[in-house]
Amino acid sequence: MIQTFDTPKDRSFVAVDGGGTRCRLALCGAEKHISVEVGSANISTNFNAASLEIIKGLRLLSEQSGQPLEKISALPAYLGLAGMTGAGIAARLAEVLPFNQLRIEDDRPSALRGALGEQDGMVAHCGTGSFIAAQLNNQMRFVGGWGPVLGDPASAQWVGRRALTRSLDVVDGLVPASALSTYLLDRLGGAPGIVAFASRATPAEFGQIARYVTSHANNGDTLGQSLMQDATDEIVFVLNRLGWADGNTLCLTGGIGPHYASYLPANMRACLRPPAGAPLDGAMSLGRAFADEITTGAQS
């Protein structure tokens, strides 16, 4: 969505939500914003490509707003980016971006604030990757987001991998066959095909397998349902460790996240709410707070 930006006296700022699939940027005033979308911006996966996409987005904002890139670059900027693993990579990115006032964080705070706004609650975000987070008493806490090799339980790629493992268990005679295991074995060319697929598959390709898990589970497949329950149990464990209390708002986000709703215990299921907004909304909220900090500091 593109809106006009005609409030030069406002406390303006730039907000960026960069993910592994797309990067969205917004030029924000007091009441209106312009947003644009470019390609992937995971700064760990491909630093050069991600930085070029962000710069491309800034140029698009300049074109859409009619404001020079130099003026936009002088504004406070908040970036929530996939692959932001620490101060080193943040400093490296700051060197190649044109901003003078810049805050760079990973993409989890933007997703959490986007889903909950400023209210207390918890979020289980399960897309290709996953993390679970709490926003309580103005404090954010995050668990997970460590990637497909070391973490991301209940993510789509995690479910996809486990579905293939369980299908091989069927081949070994350890568990009974189901419609899901039969489908996956037939689709991928039996056990040799599954092994070959797994040796080259990306997290996103593993994640595509999860679509078959959810569809078969919805049709009553026992293997599919057990995989969905296993994933939900992982979520419930972390929510409890984060301090779950009945009455908390709970949002399930990401591509596979909402599919876990019916597998949650009743007390958590009763607290489910749709997300208040998208990660870009969260980045804009955090960007506004960053701009306020700068203004307050300049006035003190």
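In the block above lies the structure referred to throughout.
In short, a report on the structure. Bear in mind that the values here come from a model prediction, so they are computed numbers and not experimental data. (Residues numbered from 1 in each chain as written. Predicted model: local features only at pLDDT ≥ 70, side-chain atom pairs only at ≥ 80, totals over all residues. Heavy atoms only, no water.)

## Some details on the packing of helix α5 (residues 156-171) against helix α9 (residues 222-241)
Step number 1: Contact geometry for α5 and α9: axes closest at 10 Å, N-to-C directions at 135 degrees. In terms of axis orientation, α5 runs oblique to α9. Crossing of α5 against α9: the hand is right-handed. Two secondary-structure elements touch here, α5 through Trp 158, Val 159, Arg 162, Ala 163 and Arg 166 and α9 through Leu 223, Ser 226, Leu 227, Asp 230, Ala 231 and Glu 234.
Step number 2: Looking at the contact of α5 with α9 residue by residue, the classes come out as six nonpolar, one polar and four charged. (Axes fitted to C-alpha atoms, helices over the stretch in contact; angles between N-to-C directions. Helix = DSSP H or I, 4+ residues; strand = E, 2+ residues; numbered from the N terminus. Parallel < 35°, antiparallel > 145°, perpendicular 65-115°, else oblique. Left-handed = near helix turned anticlockwise from the far one by under 90°. Contact = heavy atoms within 4.5 Å. Nonpolar A, V, L, I, M, F, W, Y, C, P; charged D, E, K, R; others polar.)

## A short note on the nonpolar core
Generally speaking, nonpolar side chains in soluble globular proteins are found buried as a group.
Step number 1: Judged by nonpolar contacts, the single largest core of 42 residues is most densely connected at Val 159, Leu 164, Ile 235 and Tyr 260.
Step number 2: When residues of this core are traced back to their parent elements, those giving at least two are β6 (121-126), β7 (130-136), α5, α6 (179-188), α7 (190-200), α8 (203-218), α9 and β9 (250-253).
Step number 3: If one sorts the elements of this core by residue count, α9 sits on top with eight residues.
Step number 4: Other than its neighbours up to four places away in sequence, Leu 164 contacts Leu 184, Leu 188, Ile 194, Phe 197, Phe 206 and Ile 209.
Step number 5: Listed in part, the 28 residues of the second largest apolar core include Leu 27, Leu 58, Ile 72 and Leu 93. (Core = buried A, V, L, I, M, F, W, Y, C linked by side-chain atoms within 4.5 Å. Buried < 20%, exposed > 50% of the residue type's maximum accessible area, 1.4 Å probe, protein only.)

## Comments concerning unusual backbone geometry
Glycine aside, the phi torsion of most residues is negative, and most peptide linkages are trans.
Step number 1: A positive phi angle, near 60 degrees, is found at Asp 152, a position not held by glycine.
Step number 2: Turning to its location among the elements, Asp 152 is positioned in the loop between β8 (139-144) and α5.
Step number 3: Looking at Asp 152, the relative accessible area reads 6%, which means it is buried.
Step number 4: At Ala 154, a position not held by glycine, the phi torsion is positive, near 70 degrees.
Step number 5: Tracing the backbone through its elements, the reader meets Ala 154 in the loop between β8 and α5.
Step number 6: For Ala 154, a relative accessible area of 0% gives the class buried.

## Considering helix α3 (residues 87-96)
Step number 1: Among the residues of α3, those classed as buried are Ile 89, Ala 90 and Leu 93. Angularly, the buried residues of α3 cover 105 degrees about the axis, an arc narrow enough to put them on a single face. Exposed positions of α3 whose direction lies more than 90 degrees from the buried face are Ala 87, Gly 88 and Glu 95.
Step number 2: Where α3 is buried, its residues contact α1 (47-65), β4 (76-81) and β5 (101-106). (Arc of directions from axis to C-beta.)

## Considering the pattern of salt bridges
Step number 1: For the structure on display, the rule yields six salt bridges.
Step number 2: Across the pair Glu 293 and Arg 103 runs a salt bridge, and its minimum N-O distance is 2.8 Å. Of this pair, Glu 293 sits in helix α11 (residues 279-299) while Arg 103 sits in strand β5, and the two are 190 residues apart along the sequence.
Step number 3: Looking at Arg 103, the relative accessible area reads 28%, which means it is partly exposed. (Salt bridge = Lys/Arg side-chain N within 4 Å of Asp/Glu carboxyl O.)

## Remarks on the sheet that holds strand β1 (residues 13-18)
Step number 1: Taken together, five strands build an open sheet; the order of strands is β3-β2-β1-β4-β5 and the sheet is mixed. A single partner strand is all that each edge strand has here, and the edge strands are β3 (33-38) and β5. Along the sheet, successive strands turn relative to each other by an average axial angle of 15 degrees, direction set aside. (Pairing = 2+ DSSP bridges.)

## Details of the sheet that holds β8
Step number 1: The four strands lie next to each other as β8-β7-β6-β9, forming an open sheet whose pairing is mixed. Looking at strand neighbours, the two that pair on one side only are β8 and β9, the edges of this open sheet. Adjacent strand axes in the sheet meet at a mean angle of 15 degrees, parallel and antiparallel pairs treated alike.

## Overview of the side chain of Thr 253
Step number 1: Tracing the backbone through its elements, the reader meets Thr 253 in strand β9.
Step number 2: With residues near it in sequence (within four places) discarded, Thr 253 still touches Ala 115, Val 123, Ala 124, His 125, Cys 126, Pro 258 and Pro 275.

## Quick notes on the pairing of β3
Step number 1: For β3, the buried fraction is high: five of the six residues fall into the buried class.
Step number 2: Sheet analysis places strand β2 (residues 23-28) next to β3, joined by six bridges and oriented antiparallel. Looking at the pairing, Cys 28 lines up with His 33 of β3.

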